[in-house]
Amino acid sequence: AEKNRQMMQSIEYASVIQRAMLRASREALSSTLGDASLLWEPRDVVGGDFYHFCAYADGWFGAIADCTGHGVPGAFMTLIASSSLTQALAQLGPRNPASLLSAVNRSVKEQLGQVNGLDGTPESDDGLDASFFWFDNATQVLSFAGAHMALHVLHPGAEQLETIAGQRMGVGYVDSHFDYQWSVSRVQMQPASLMFIATDGLIDQIGGPKRIAFGKRKAFETIVAHRNQPSNEICEALQSALAVWQGEQARRDDLTLFCARIQE
């Protein structure tokens, strides 16, 4: 019992450190976007999801990422990936999400000894799925690059969400190409358009009478049904729908939801 108490105290303090790492991004988001919501829920005390936001004179940059694992291993990965992204932003700037994904990919592979052909015995096989995006204030264009993670957009008057899929190449990992170049997708946003990104802790959660995954359809239906409400209420509706679906089933993964409405 004493060993367990000491371990939990250590992990709880690690949570303080992880949340402090994310605080600047949350403050940047709240001061930049008038109608945006971010839900970050580790499955355990600490988690493998992280986010990054920063504002510039001509726009803003955002990232949502889901690292290998959850709990303590996942939290270690968020520190590696987040520091790699911070360094890439300092070197490359925020306006090309694809170049930033490539830079983080190279950095993670180098730090974890996952460069193919280096010695044939990689130390680990870890990485992350991610969405990186840049919004240009002047043109109202959202530039997006994704690694196994999609961007969803709901324009005014549209009956359903438009999905811009990420590419099927993870960031880091032994099998990811060291020099892989992601591509950028650009979406012309309109005033009142909604953008939505979620880690797979949402759609993969098991529940319901048949004990199956929550799935995209229920998530999208919930967003459309609450489309005229503020983004924080949309996230709350999703969180409530997921909780009802989950019931007494155990939480499977960390969960991050990001929803924002483009202002006029």
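Residues numbered from 1 in each chain as written. Predicted model: local features only at pLDDT ≥ 70, side-chain atom pairs only at ≥ 80, totals over all residues. Heavy atoms only, no water.

Burial analysis of strand β10 (residues 194-198) places five of its five residues in the buried class, which makes it a mostly covered element. Residues of β10 alternate between two faces, with Leu-194, Phe-196 and Ala-198 on one and Met-195 and Ile-197 on the opposite face, all of them buried. (Buried < 20%, exposed > 50% of the residue type's maximum accessible area, 1.4 Å probe, protein only. Helix = DSSP H or I, 4+ residues; strand = E, 2+ residues; numbered from the N terminus.)

A word on the nonpolar core. In terms of nonpolar packing, the biggest core is built from 53 residues, with Met-195 and Phe-258 touching the most fellow members. Once residues lying within four places of it in the same chain are set aside, the contact partners of Met-195 are Trp-60, Phe-133, Leu-142, Leu-151, His-152, Met-189, Phe-258, Cys-259 and Ala-260. Counting 19 residues, the second-largest nonpolar core is a separate cluster that includes Ala-198, Ile-223, Leu-257 and Cys-259. (Core = buried A, V, L, I, M, F, W, Y, C linked by side-chain atoms within 4.5 Å. Contact = heavy atoms within 4.5 Å.)

Take the packing of aromatic side chains next. Taken as a whole, this structure holds 10 aromatic pairs when the rule is applied. Taken together, a centroid distance of 6.5 Å and an interplanar angle of 80° make the contact between Trp-40 and Tyr-51 edge-to-face. In this pair, Trp-40 is assigned in strand β1 (residues 36-41) and Tyr-51 in strand β2 (residues 49-56), connecting sequence segments 11 residues apart. Exposure class is identical for Trp-40 and Tyr-51. Each is buried. Between Phe-133 and Phe-258 the ring centres are 5.7 Å apart and the planes differ by 20°, which places this aromatic pair in the stacked class. Within this pair, whereas Phe-133 is found in strand β4 (residues 127-136), its partner Phe-258 is found in strand β13 (residues 255-261), the two being separated by 125 residues in sequence. (Phe/Tyr/Trp six-rings, centres within 6.5 Å; stacked < 30°, edge-to-face > 60°.)

Evaluated as defined, the whole model comprises seven salt bridges. A salt bridge links Arg-43 to Asp-44, with the shortest nitrogen-to-oxygen separation between them at 3.3 Å. Relative accessible area serves as the criterion here: at 33%, Asp-44 is assigned to the partly exposed category. Between Arg-217 and Glu-221 there is a salt bridge, and its shortest N-O distance comes to 3.1 Å. With a gap of four residues between them, Arg-217 and Glu-221 both fall in helix α4 (residues 215-225), about one helical turn apart. (Salt bridge = Lys/Arg side-chain N within 4 Å of Asp/Glu carboxyl O.)

Assignment of secondary structure puts Ser-31 in helix α1 (residues 2-32). Looking at Ser-31, its side chain comes within polar contact range of the main-chain oxygen of Glu-27, at 3.0 Å. (Polar contact = N/O pair within 3.5 Å; in protein donor to acceptor, adjacent residues only side chain to side chain.)

Bringing unusual backbone geometry into the picture now. Phi is mostly negative for residues that are not glycine, and the peptide bonds are mostly trans. One non-glycine residue, Ala-192, lies in the positive phi region at around 80°. Position of Ala-192 relative to the elements: it lies in the loop between β9 (185-188) and β10. When its relative accessible area of 34% is taken as the criterion, Ala-192 is described as partly exposed. Positive phi outside glycine occurs at Arg-211, with the angle close to 55°. Looking at where Arg-211 falls in the secondary structure, it is placed in the loop between β11 (206-207) and β12 (212-213).

Further remarks concern helix α3 (residues 97-111). Here α3 is 15 residues long and its end C-alpha atoms lie 21 Å apart, about the 21 Å a rise of 1.5 Å per residue gives. Of all the 15 residues making up α3, 11 are buried; the element is thus mostly covered by neighbouring parts of the structure. All of the buried residues along α3 are Pro-97, Ala-98, Leu-100, Leu-101, Ser-102, Ala-103, Val-104, Asn-105, Ser-107, Val-108 and Lys-109. Looking at the buried residues of α3, the elements they touch are β3 (59-67), α2 (71-92), β4, β5 (141-147) and β8 (171-172). (Expected span 1.5 Å × (residues − 1).)

Honestly, that's just the spatial picture; any functional story needs more than this.
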